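Observations on the model geometry
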Amino acid sequence: MPSAIALTVNGVSVEVAQGTTVAVAAMQTGQPCRVSVNGTPRGPLCGIGICFECRMTINGISHCRACQILCEPGMNVITNE
Amino acid sequence: MNRNTRQKFEVLVVGAGPAGMAAAARAGESGVHVGLVDDNFNPGGQIWRGGVEGGNPEAAVWIERLQAAKVVKLCGVRIFHQPETGVLLGETKDEICELHYDKLILATGARERFLPFPGWTLPNVLGAGGLQAMVKSGLSIRGKRVVVAGTGPLLLAVAASLRKHGAEIPVICEQTSRSRLARFGLALAAQPSKMVQGLRLKKELAGVPFASGSWPVAAHGKEMLERVTILRRGKATTLACDYLACGFHLVPNTELAALAGCQLEDDYVRVDEFQETTVPGIFCAGEPTGIGGVELALVEGEIAGLAAVGRATQGRELFVKRRKLKKFAAALEDTFQLRPELRDLPSAETVVCRCEDVPMSSLRSYPNWRAAKLQTRCGMGSCQGRICGPATKFIFKWKPDSVRPPIFPVRVEGLAIAVSGPEVEHQETGGVYR
């Protein structure tokens, strides 16, 4: 088992294995990635950086495609923005 | 943001899946300076995605060849613009880079086709390949119930992989009829390697119910997926599940080819026998020239790589192999055609454009994609119509619109460079751009 990485998603601490993407970390916490223009929750769809459903704010940078970004120790992830 | 990281290559390959890796290796082995650019953090494309479990052994062979050929790997770079012939602009996590080329090979792969149905926007409804990608990226599905649905050979590969990771698969729903599948089975018999793959999957999926002529009609849940209703031979059944992995075969990523002026033919990039597009010096290999799978992608990549460095004659030796694999591609296309009933899946309220939340009812009255875009914002969101475009093409027979830069949303700084051109330098005196 590779060493775990600790990060926070909307303030909730989560530990993931090395090589895990931020989109997966958000899914593990049971929280949606974003809320659509009409207010419905959304999670990842394509998993390969095409659909933009998993976009979220990572370390203060908004609209990051979380399925193409690997978790790093201490990352601060905010969804639903 | 650091603007001008600038690199020049004799051959630049976009897309580091099987086609791109083979193209870059073959070109690089002739001694020229080759760059291989991809938006993922590792080469391998979607089929050879390594993720938390480490690299794929088949990919490792090509990675070794790439290293031996001194190919420069540029991962995590997303190409968004070609401001002029010979120059591509890409965006990384923290900069914009300018990539110059003499010859260009496009190996941009494919994405899943998604069709709208009630409830398809609920979290935990993903693409079939989409869920597999998430699992390879660390998602644990041990003990979870996953309905796999849609169409295409990917469904079986995904179901087998999910099962290996501990998921329970209550059913695989394949929209294609049993008779069409039987015909496809016969076509497979002529391709020993595909036959072996097929038999291996059959073994791995022993005991998993497979329903042909079956498809999902609704996903249910409050904040998240809880149940899915599937239709089989006119009868609806509702199953409880944790995930729905649903994709309707693949559509090619042709945006960059279109932007570069390459002619498309029936959705695919038109190429000659050496994989050269209608734009001299720009080649294309793999799924954008026709959905044919990994083996065809490799052969096409090799031919393109050789042709790009003036070794076309050597590429000729691969023509027989390519012709045979093309037959498989044709069988795929024929077998997994979408049945017309799927056009009626969305209800009036079903969101068709997920980026802009445009429902089916708003779209029916428009004669074409352009009119719908202008009036409803369908296809105008972040994905630029990559998801709803193929869906509306199928449902309404709307033709895709012309491609305009940037072909992916970029940060404002990137846009500024795209507008001002690649050679712009910020002058100290007066801050004038020249």
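Note that the structure is a prediction, hence the values are computed from the model and not measured.

Secondary structure assignment for chain A yields one helix and seven strands. The N-to-C order of helical and strand elements in chain A reads β-β-α-β-β-β-β-β. Over its C-alpha atoms chain A spans a radius of gyration of 12 Å, differing by no more than 12% from the 12 Å that the globule rule assigns to 81 residues. By principal-axis analysis of the C-alpha atoms, chain A measures approximately 40 × 25 × 20 Å. Each of the 81 residues in chain A was classed as buried or not, and the buried ones make up 53%. Contacts in chain A between residues far apart in sequence, at least 24 positions, make up 37% of those at least 6 positions apart.

The next subject is the packing of helix 3 (residues 128-136) of chain B against helix 4 (residues 154-164) of chain B. Residues and elements named next belong to chain B. In contact at an axis separation of 9 Å, helix 3 and helix 4 are set at 30 degrees when each is read in the N-to-C sense. Viewed along their axes, helix 3 and helix 4 adopt a mutual orientation that is roughly parallel. Crossing angle aside, the handedness with which helix 3 passes helix 4 is left-handed. Touching A128, G129, L131, Q132 and V135 of helix 3 are L154, L155, V158, S161 and L162, all from helix 4. Taken together, the residues of the contact of helix 3 with helix 4 break down into seven nonpolar, three polar and no charged.

With that settled, consider the sheet that holds strand 1 (residues 4-9) of chain A. Residues and elements named next belong to chain A. Taken in spatial order, the five strands of this open sheet run 2-1-7-5-6, and their pairing is mixed. The open sheet has two edge strands with one neighbour each: strand 2 (12-17) and strand 6 (61-65). Strand-to-strand, the axes of this sheet are offset by a mean angle of 40 degrees, without reference to chain direction. In terms of strand pairing, strand 1 meets strand 2 through six bridges, oriented antiparallel. Bridge pairing in strand 2 links A6 to E15.

For chain B, the assigned domains read domain 1 (2-111 + 251-333), domain 2 (114-248) and domain 3 (346-396). Relative to domain 2 of chain B, the C-alpha centre of domain 1 of chain B lies at a distance of 29 Å.

A few words on the interface of chain B and chain A. Contact with chain B, which involves 31 residues of that partner, is made by 30 residues of chain A. Elements that contribute at least two residues to the side of chain B that touches chain A include exactly strand 7 (110-112) and helix 3 of chain B. It is helix 3 of chain B that contributes the most residues to the side of chain B that touches chain A, five residues altogether.

Here the focus is the nonpolar core. Residues and elements named next belong to chain B. The biggest cluster of nonpolar side chains holds 86 residues, and the ones touching the most others in it are V146, V148 and L244. When residues of this core are assigned to their parent elements, the largest contribution, seven residues, is made by helix 4. Counting contributing residues per domain, this core is built from domain 2 (114-248) and domain 3 (346-396), each supplying no fewer than three. Sequence-distant contacts of V148, defined by excluding residues within four places in its chain, comprise A128, L155, V158, A159, I169, I172 and A245. Membership of the second largest hydrophobic core comes to 67 residues, among which are L12, A110, V271 and L298.

All names here are of chain B. Per-residue pLDDT for chain B averages 92, and the proportion of residues at 70 or more is 95%. Predicted confidence for residues 423-434 stays below pLDDT 50, and this span has nine contacts to residues more than four positions away or in other chains. Interface confidence for the predicted complex, expressed as ipTM, amounts to 0.97; the pTM equals 0.94.

Moving on, we come to the environment of V269 of chain B. Residues and elements named next belong to chain B. Position of V269 relative to the elements: it lies in strand 18 (residues 268-269). Overall, the presence of 29 C-beta atoms within 10 Å leaves V269 in the buried class. If sequence neighbours within four positions are ignored, V269 has contacts with T254, A257, C262, L264, T277, C284, P288 and T289.

Before going further, it helps to examine the pairing of strand 2 (residues 34-38) of chain B. Residues and elements named next belong to chain B. Of all five residues that make up strand 2, five are buried, and the element is covered over most of its length. One ladder, built from four bridges, connects strand 2 with strand 3 (residues 72-75); its direction is parallel. By the bridge assignment, L36 is partnered in strand 3 with K73. With respect to chirality, the unit in which strand 2 leads through helix 2 (residues 57-68) into the neighbouring parallel strand 3 is right-handed.

About the thresholds
Residues numbered from 1 in each chain as written. Chains lettered and ligands numbered in written order. Predicted model: local features only at pLDDT ≥ 70, side-chain atom pairs only at ≥ 80, totals over all residues. Helix = DSSP H or I, 4+ residues; strand = E, 2+ residues; numbered from the N terminus. Rg over C-alpha atoms; globule rule 2.2 N^0.38 Å. Buried ≥ 20, exposed ≤ 12 C-beta atoms within 10 Å, placed from the backbone. Contact = placed C-beta atoms within 7 Å. Axes fitted to C-alpha atoms, helices over the stretch in contact; angles between N-to-C directions. Parallel < 35°, antiparallel > 145°, perpendicular 65-115°, else oblique. Left-handed = near helix turned anticlockwise from the far one by under 90°. Nonpolar A, V, L, I, M, F, W, Y, C, P; charged D, E, K, R; others polar. Pairing = 2+ DSSP bridges. Domains from an automatic or database assignment. Core = buried A, V, L, I, M, F, W, Y, C linked by C-beta atoms within 7 Å. pLDDT = per-residue confidence, 0-100. Right-handed = clockwise from strand over helix to strand, strands pointing away.

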